[in-house]
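As a plain string of letters, each chain reads:
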Amino acid sequence: MKWLMLALAGILEVTWACAMKYSQGFTKVIPSVITAAGYIASAVFLSLALKKLPLGTAYAMWTGFGIIGTTILGYYLFGEKLSLYHIACIFLIVAGIAGLKLKS
């Protein structure tokens, strides 16, 4: 369950970050509400995961999920550039997350 809670927290982090982009500086109501709700829900699920996981591991994985997810969705949804350098760095983040999970 702890890993499921952390995964949900990561998914919700990506959700609120993308909704924030759609909110255009909190000028659009629905994306702004999704941003706030997603942020709170992400924090709740992270706190539930922290009951059983070490803080450093859980926080690194949570932010790693966010970095990976927002980078991928930024490319597909918003047409943001993704260079070979970006892709290589994302793979390093994935390797770090995998290493943390194996050690926990």
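Being a predicted model, the structure only gives us computed values, none of them experimental.

> Would you mind going over a positive patch on the surface with me for this structure?
Taken together, the side chains of Lys-2, Lys-51, Lys-52 and Lys-101 define a basic patch exposed on the protein surface. The residue Lys-52 is located in the loop between α2 (29-49) and α3 (55-78) in this model. On the accessibility criterion, Lys-52 (64% relative accessible area) is exposed.

> Which parts of the structure should I look at to understand the pattern of salt bridges?
Oppositely charged side chains are able to pair whenever their charged atoms sit close together. What the rule picks out here adds up to 1 salt bridge. As a salt-bridge pair, Lys-21 and Glu-80 come within 3.9 Å of each other at their nearest N and O atoms. Within this pair, whereas Lys-21 is found in helix α1 (residues 2-22), its partner Glu-80 is found in the loop between α3 and α4 (84-103), the two being separated by 59 residues in sequence. Here Lys-21 falls in the partly exposed class, since its relative accessible area comes to 46%.

> What is the right way to read the side chain of Thr-35 from this model?
By the element assignment, Thr-35 lies in helix α2. Residue class for Thr-35 comes out buried when judged on its relative accessible area of 4%. Within the local environment of Thr-35, its side chain forms a polar contact with the backbone oxygen of Pro-31, the two atoms lying 2.8 Å apart. The residues touching Thr-35, leaving out its near neighbours within four places in the chain, are Trp-16, Ala-19, Met-20 and Phe-26.

> Before we go on, may I ask you to explain the environment of Gly-74 in this structure?
Relative to the helices and strands, Gly-74 is located in helix α3. Between the alpha carbons of Gly-74 and Cys-18 there is a distance of 7.9 Å; along the sequence they are 56 residues apart. Sequence-distant contacts of Gly-74, that is, excluding residues within four places in its chain, are made with Gly-79 and Glu-80.

> Just checking my understanding: could you explain α2 for this structure?
For an α-helix, the turn length of 3.6 residues means that residues three or four places apart are oriented alike. Look at α2: 30 Å from first C-alpha to last across 21 residues, which is about the 30 Å you get at 1.5 Å a residue. Contacts from the buried residues of α2 go to α1 and α3.

> I tried to follow the side chain of Glu-13 on my own but got confused; where do I start?
Along the chain, Glu-13 turns up in helix α1. Setting aside anything within four residues of it in sequence, one finds Glu-13 in contact with Ser-42, Trp-62, Thr-63 and Gly-66.

> For this particular structure, what's the right way to read the packing of α1 against α3?
When two helices pack together, their arrangement is given by the angle between their axes and by how far apart the axes lie. Between α1 and α3, the least distance of the axes is 8 Å, while the angle of their chain directions is 40°. Accordingly, the angle class assigned to the pair α1 and α3 is oblique. Here α1 runs over α3; the crossing is right-handed. Between α1 and α3, the contacting residues are Trp-3, Leu-6, Ala-7, Ala-9, Gly-10, Glu-13, Val-14, Ala-17, Cys-18, Lys-21 and Tyr-22 on the first element and Ala-58, Met-61, Trp-62, Thr-63, Phe-65, Gly-66, Gly-69, Thr-70, Leu-73, Leu-77 and Phe-78 on the second. Tallied by class, residues from the contact of α1 with α3 come to 15 nonpolar, 5 polar and 2 charged.

The rules behind the values
Residues numbered from 1 in each chain as written. Predicted model: local features only at pLDDT ≥ 70, side-chain atom pairs only at ≥ 80, totals over all residues. Heavy atoms only, no water. Patch = residues over 30% accessible without salt bridge, like charges linked within 9 Å, V, L, I, M, F, W, Y side chains within 5 Å. Areas by Shrake-Rupley, 256 points an atom, 1.4 Å probe, with all protein chains shown as cover. Salt bridge = Lys/Arg side-chain N within 4 Å of Asp/Glu carboxyl O. Lys, Arg positive; Asp, Glu negative; His and termini not counted. Charge placed at Lys NZ, Arg CZ, Asp CG, Glu CD. Helix = DSSP H or I, 4+ residues; strand = E, 2+ residues; numbered from the N terminus. Buried < 20%, exposed > 50% of the residue type's maximum accessible area, 1.4 Å probe, protein only. Polar contact = N/O pair within 3.5 Å; in protein donor to acceptor, adjacent residues only side chain to side chain. Contact = heavy atoms within 4.5 Å. Expected span 1.5 Å × (residues − 1). Axes fitted to C-alpha atoms, helices over the stretch in contact; angles between N-to-C directions. Parallel < 35°, antiparallel > 145°, perpendicular 65-115°, else oblique. Left-handed = near helix turned anticlockwise from the far one by under 90°. Nonpolar A, V, L, I, M, F, W, Y, C, P; charged D, E, K, R; others polar.

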